[in-house]
Amino acid sequence: MLATFATTTHFAPSGTFAQRGKLARVCARLTVGVMLAAMAVLAPTLAIAADDVRLQGAGATFPQPLYEKWVVAFQKVSPTTQISYQGGGSGAGIRAITDKTVAFAGSDAPLNKKELEAVGGESAILEFPTVAGAVVPAYNVPGVEKPINFTGEVLADIFLGRITKWNDPKLAELNAGVALPDLSISPVYRSDGSGTTAVFTSFLVGQSDSFKGTIGAGKQVSWPLGVGGKGNPGVAAAVQQSPGALGYVEYNFALENKIAFGAVKNQAGKFVVASPDAVTAAGARGVDGFKGGRLISDLWNQPGDATYPIASFTYIMVYRDLSKNLKTIEEARARAGFLRWSVTDGQGLAAEMHYAPLSSEVRERVIVAIDSLTFGGQPLGASGTSAPAPKATP
């Protein structure tokens, strides 16, 4: 077999190898030429990609669905601006803007004294509302179709552990004709630092001296009982999974997750179910609370028959001089452009998603503040936005 192999196997003559080597060198030169040509074609595209502006925001989960929608819509207006928004809660957003790890922060509650000092004081930070919303008492009570009525005092007593059954006489008195079950109430609260908690507890401290003296108001408080959930989604999920549960979530999360929520007695003595109109009624007075350079205002328990009492602005926070946490003037201009768009053209999307748009008076104050932002001490100017200056929605 070896002999046969030797006689039938043919080896290429040396000239063939030489020809192959020459061919390989030609191919190599052609490949390099093609690559150089491709790079020349792609160079403009790569340059454009390198010039794209990328900005990161984080914080409140209440406006997160809206902010994510805004980001997508604004990118159509300004294709080179890439913005992303992560939730995490108001507390996380405030920590991130304080540490200068994000371009902007979202919070359902304004900065407290300690937080304001940490970012450099009122002269260093701009806080302004983007929309208004509501915090609702969301529950899981099988067999009850009609919205359950609550007062601030009853809600306080539930979270204090003083009312433990859904058919408690105090609840039954508020809900004549409703067959409330003999079912234990399981309170659910936010486990993270939260502007939603700040709004809910701020309303309750004005309704119950006992609540004020034991739990108090704040982004994160010590609850005496119940189960914690992270973010509005966490609380919503806990309520859905537990018959008898009662939590507090942002109005939109209750709607999106099809969770029942109740009516709350307002300052005028009326039981009002949250709605954009009922929140707008509260937000209309928001401009009256603005003081100095801080565009912040408490909206809970505002007067009016149709006003929902647990309402609040949600805020964006940015440094007044954007060079504190942004690297380039292009980033600063893109940032200002998005902010201005969000409180003008973006307000139409807010209404579509069941948020309460800013009133014209509030919006005008916010636009003036955004237009005053600087980079390295220099004004950005009207031409500084990354998109054409939009017209305010009526």
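Small disclaimer: the values here were computed from a predicted structure and weren't measured.

**Quick word on the overall build of the protein**
Thought 1: If you tally the helices and strands in the protein, you get 15 helices and 14 strands.
Thought 2: For the protein, restricting intrachain contacts to residue pairs at least 6 apart in sequence, the fraction spanning at least 24 positions comes to 75%.
Thought 3: When the accessible surface of the protein is summed, it comes to about 18300 Å², and 57% of that surface belongs to carbon and sulfur atoms.

**Considering the packing of helix H13 (residues 329-342) against helix H15 (residues 360-371)**
When two helices pack together, their arrangement is given by the angle between their axes and by how far apart the axes lie.
Thought 1: Relative orientation of the contacting elements H13 and H15 amounts to 175°, with a least axis distance of 10 Å. Relative to H15, the element H13 lies roughly antiparallel. Of H15, the residues touching H13 (which contributes Ala336, Leu339 and Arg340) are Ile367, Ile370 and Asp371.
Thought 2: A per-class count over the contact of H13 with H15 returns 4 nonpolar, no polar and 2 charged.

**Side note on the confidence of the model for the protein**
Thought 1: With 84% of its residues at a pLDDT of 70 or more, the protein shows a mean pLDDT of 86.
Thought 2: Low confidence marks residues 382-394, where pLDDT is under 50. Its contacts with residues over four positions away, or in another chain, come to 29 contacts.

**Some thoughts on the pairing of strand E1 (residues 53-59)**
Thought 1: Of all 7 residues in E1, 5 are buried; the element is thus mostly enclosed.
Thought 2: With 7 bridges joining them, E1 and strand E2 (residues 81-88) adopt parallel strand pairing. Residue pairing in the sheet places Leu55 in a bridge with Ile83 of E2.
Thought 3: This β-α-β element, E1 to helix H3 (residues 64-77) to E2, shows right-handed connectivity.
Thought 4: Taken together, the 3 bridges between E1 and strand E3 (residues 104-107) define a ladder with parallel strand orientation. Its bridge partner being in E3, Gly59 is matched across the sheet by Gly106.

**Topic: the pairing of strand E8 (residues 245-250)**
Thought 1: E8 sits mainly inside the fold: 6 of its 6 residues count as buried.
Thought 2: Across 5 bridges, the pairing between strand E4 (residues 125-139) and E8 is antiparallel. Residue pairing in the sheet places Tyr139 in a bridge with Leu246 of E8.
Thought 3: Here 2 bridges tie strand E6 (residues 186-190) to E8, and the two strands are oriented parallel to one another. Its bridge partner lying in E8, Pro187 is registered against Leu246.

**Quick look at the sheet that holds strand E5 (residues 149-150)**
Two orientations exist for strands paired in a sheet by backbone hydrogen bonds: parallel and antiparallel.
Thought 1: An order of E5-E10-E11 is seen for the 3 strands of this open sheet, with the pairing classed as mixed. Looking at the sheet topology across the chains shown, the edges are occupied by E5 and strand E11 (271-272).
Thought 2: Pairing geometry for strand E10 (residues 263-265) and E11, over 2 bridges, is antiparallel. Following the sheet pairing, Lys265 is matched in E11 by Phe271.

**Points about unusual backbone geometry**
Thought 1: If you check the backbone angles, Asn301 has positive phi at about 55° while not being a glycine.
Thought 2: Relative to the assigned elements, Asn301 resides in the loop between helix H12 (276-283) and strand E12 (311-319).
Thought 3: The backbone phi angle of His354 is positive, close to 70°, even though this residue is not glycine.
Thought 4: If you trace the backbone, His354 turns up in the loop between helix H14 (347-352) and H15.

**Comments concerning the environment of Arg335**
Thought 1: Topologically, Arg335 is positioned in helix H13.
Thought 2: When near neighbours in sequence (up to four residues on either side) are disregarded, Arg335 contacts Leu55, Ala103, Phe104, Val318, Leu322 and Leu326.

**Observations concerning the packing of aromatic side chains**
Thought 1: If you walk through the whole model with that rule in mind, you get 21 aromatic pairs.
Thought 2: Judged by centre distance (5.0 Å) and plane angle (85°), the ring pair of Tyr67 and Tyr85 falls under edge-to-face. One end of the pair, Tyr67, is in helix H3; the other, Tyr85, is in strand E2, with 18 residues separating them in the sequence. There is no split in this pair, since Tyr67 and Tyr85 are both buried.

Conventions we followed
- Residues numbered from 1 in each chain as written.
- Predicted model: local features only at pLDDT ≥ 70, side-chain atom pairs only at ≥ 80, totals over all residues.
- Heavy atoms only, no water.
- Helix = DSSP H or I, 4+ residues; strand = E, 2+ residues; numbered from the N terminus.
- Contact = heavy atoms within 4.5 Å.
- Areas by Shrake-Rupley, 256 points an atom, 1.4 Å probe, with all protein chains shown as cover.
- Axes fitted to C-alpha atoms, helices over the stretch in contact; angles between N-to-C directions.
- Parallel < 35°, antiparallel > 145°, perpendicular 65-115°, else oblique.
- Nonpolar A, V, L, I, M, F, W, Y, C, P; charged D, E, K, R; others polar.
- pLDDT = per-residue confidence, 0-100.
- Buried < 20%, exposed > 50% of the residue type's maximum accessible area, 1.4 Å probe, protein only.
- Pairing = 2+ DSSP bridges.
- Right-handed = clockwise from strand over helix to strand, strands pointing away.
- Phe/Tyr/Trp six-rings, centres within 6.5 Å; stacked < 30°, edge-to-face > 60°.

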